[in-house]
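Chain and residue survey
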Amino acid sequence: MRAYLQLIRYGNCLMAAFSAAIGVLIAYNIISGSAGSIPFPLNEIIYVGSVVFLVTGAGNVINDYYDIEIDRINKPERPIPSGRISKSKALYFSVSLFAVGTIIAFFINMICGIIALFNSLLLVYYAATLKRTVLIGNLSIGYLTGSTFLFGGAVFYTNGGIEAVFVLFLLATLATIAREIVKDIEDIEGDKQDGASTLAISIGAEKASYMASGIGFVAVLASPLPYLQSLLSVRYLAVVFVADILFFLAVAAILKEKDPAKSSKLFKMAMFAALIAFLVGT
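These remarks concern the structure in this document. (Residues numbered from 1 in each chain as written. Predicted model: local features only at pLDDT ≥ 70, side-chain atom pairs only at ≥ 80, totals over all residues. Heavy atoms only, no water.)

Attention now goes to the overall build of the chain. Counting its regular elements, the chain contains 15 helices and zero strands. Whereas a compact globule of 282 residues would reach a radius of gyration of roughly 19 Å, the chain reaches 19 Å, a difference of no more than 12%. In terms of principal-axis extent, the alpha carbons of the chain reach across some 60 × 45 × 30 Å. When each of the 282 residues of the chain is scored for burial, the buried share is 51%. For the chain, the proportion of contacts with a sequence separation of at least 24, taken over those separated by at least 6, is 74%. Counting every atom, the chain has about 12700 Å² of accessible surface; 67% of that belongs to carbon and sulfur. (Helix = DSSP H or I, 4+ residues; strand = E, 2+ residues; numbered from the N terminus. Rg over C-alpha atoms; globule rule 2.2 N^0.38 Å. Buried < 20%, exposed > 50% of the residue type's maximum accessible area, 1.4 Å probe, protein only. Contact = heavy atoms within 4.5 Å. Areas by Shrake-Rupley, 256 points an atom, 1.4 Å probe, with all protein chains shown as cover.)

With that out of the way, let us pick up empty space enclosed by the protein. In total, this model carries two cavities of 30 Å³ or more according to the counting rule given. Considering only enclosed or pocket space, the largest cavity measures out at about 40 Å³ in volume. In terms of lining, the largest cavity is formed by Tyr126, Lys131, Thr133, Gly137, Asn138, Glu180 and Asp184. At the level of elements, α7 (136-153) and α9 (166-186) are the ones that each hand at least two residues to the lining of the largest cavity. One number sums up the size of the second largest cavity: a volume of about 30 Å³. Lining of the second largest cavity is provided by Asp67, Ile70, Lys131, Arg132, Asp184, Asp191, Ala196 and Thr198. Grouping the amino acids of the lining of the second largest cavity by side-chain chemistry returns two nonpolar, one polar and five charged. (1 Å grid on protein atoms, 1.4 Å probe; cavity = no way out; pocket = protein on both sides within 12 Å on 5 of 7 lines; lining within 4 Å. Points joined across faces, edges and corners; volume = space filled by probe spheres on them. Nonpolar A, V, L, I, M, F, W, Y, C, P; charged D, E, K, R; others polar.)

Further remarks concern the pattern of salt bridges. A complete count under the given rule lists five salt bridges for this structure. Between aspartate 64 and arginine 9 there is a salt bridge, with its nearest N and O atoms 3.0 Å apart. Of this pair, aspartate 64 sits in helix α3 (residues 42-66) while arginine 9 sits in the loop between α1 (2-8) and α2 (10-31), and the two are 55 residues apart along the sequence. Residue aspartate 64 is classed as buried on the basis of its relative accessible area of 1%. Note that arginine 78 is salt-bridged to aspartate 64, the shortest N-O span being 2.7 Å. On the criterion of sequence distance, the pair formed by arginine 78 in the loop between α4 (68-74) and α5 (87-108) and aspartate 64 in helix α3 is long-range, its members being 14 residues apart. Through salt bridges with shared partners, a single ionic network connects Arg9, Asp64 and Arg78. (Salt bridge = Lys/Arg side-chain N within 4 Å of Asp/Glu carboxyl O.)

Let us now look at the nonpolar core. Val48, Phe151, Phe156 and Phe278 are the most contacted members of the largest nonpolar core, which has 89 residues in total. The contact partners of phenylalanine 151, leaving out residues within four places of it in the chain, are Val48, Val51, Val52, Ala105, Ile108, Cys112, Ile115 and Ala116. (Core = buried A, V, L, I, M, F, W, Y, C linked by side-chain atoms within 4.5 Å.)

Turning our eyes to something else, we now look at unusual backbone geometry. Located in the positive-phi region is serine 230, a residue other than glycine, with phi close to 60°. Relative to the assigned elements, serine 230 resides in the loop between α13 (225-228) and α14 (234-255). The class for serine 230 is exposed, based on a relative accessible area of 65%. A positive phi angle, close to 55°, is found at lysine 258, a residue other than glycine. Position of lysine 258 relative to the elements: it lies in the loop between α14 and α15 (260-280).

With that settled, the discussion passes to the environment of valine 155. The topology assignment puts valine 155 in the loop between α7 and α8 (161-164). Taking the relative accessible area as the measure of exposure, valine 155 reaches 15% and is therefore buried. Apart from residues no more than four positions distant in its own chain, valine 155 is found in contact with Val24, Glu44, Val48, Ile108, Asn109 and Cys112.

Moving on, we come to the packing of aromatic side chains. Evaluation of the coordinates by the stated rule reveals 11 aromatic pairs. Chaining the aromatic ring pairs together yields one cluster made of Phe118, Tyr143, Phe166 and Phe169. The cationic tip of lysine 87 hangs over the ring face of tyrosine 65; the distance from NZ or CZ to the ring centre is 4.6 Å. (Phe/Tyr/Trp six-rings, centres within 6.5 Å; stacked < 30°, edge-to-face > 60°. Lys NZ or Arg CZ within 6 Å of the ring centre and 35° of its normal.)

For helix α6 (residues 110-128), which comprises 19 residues, the first-to-last C-alpha distance of 27 Å matches the rise-based estimate of 27 Å (1.5 Å per residue) to within 8%. Buried within α6 we find Cys112, Gly113, Ile115, Ala116, Asn119, Ser120, Leu122, Leu123, Tyr126 and Ala127. In this structure, the buried side of α6 is in contact with α3, α5, α7 and α9. Near the N-terminus of α6, the side chain that reaches the backbone nitrogen of isoleucine 111, with its oxygen 3.1 Å away, is that of asparagine 109. (Expected span 1.5 Å × (residues − 1). Polar contact = N/O pair within 3.5 Å; in protein donor to acceptor, adjacent residues only side chain to side chain.)

Geometry only, nothing functional implied.
What follows is the structure, given as structure tokens:
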């Protein structure tokens, strides 16, 4: 059980599920004032969180399935390269998670089902092909992370739920793209041996660092938008300030200290702080 939890990266799954639940809450908070009396979406929050947890876990598993040779170099302790879970069992496990998650999504509504199905197919395509391409792989993961908010908002798509959370989708996408570029810098040696053509390999670690930092700065500059658009309260600004500081520290770690591992961790901490800001500002 422990190996399978490590395989799905359950911490990332919980964070993604939390993001989607926040998307539901924010969409509900925004539209409930203009769309009349809408019951609190407790069941929908549970369903949405479950779908995102399952699909995210499936994506992490299929990614490890295709990355076994890279992980033998970069992360030999992972469940598949270490031999604790076989490739075939990992594949079946991933397919099962994708299937269950997508079926539950269609039970929520058609739009949620379409988003879940599209994201599932994109996750497989990313793991098999896009991850080894210049920038497109980073953009794909950025979209997939940000789409957890879209998925949450899609619960109320007939009342403008997707439009209500779109700015959160953009902020999450930008922050994730920056972190993904930093992760490519961290994994550059293993990616080279696997024949990958990531941005860090194509333009060099230094230029990739500047690009990641630039995207991170854009995310920081755009962070007040949810408050300025009256989507979130002033409490959001107080907490997102902490996230912005963490983003700056992440940029400093990659530009000044040349430490992509530290920078990646700081980016992840900043994204979690931003999630908390979204929640308290709702």
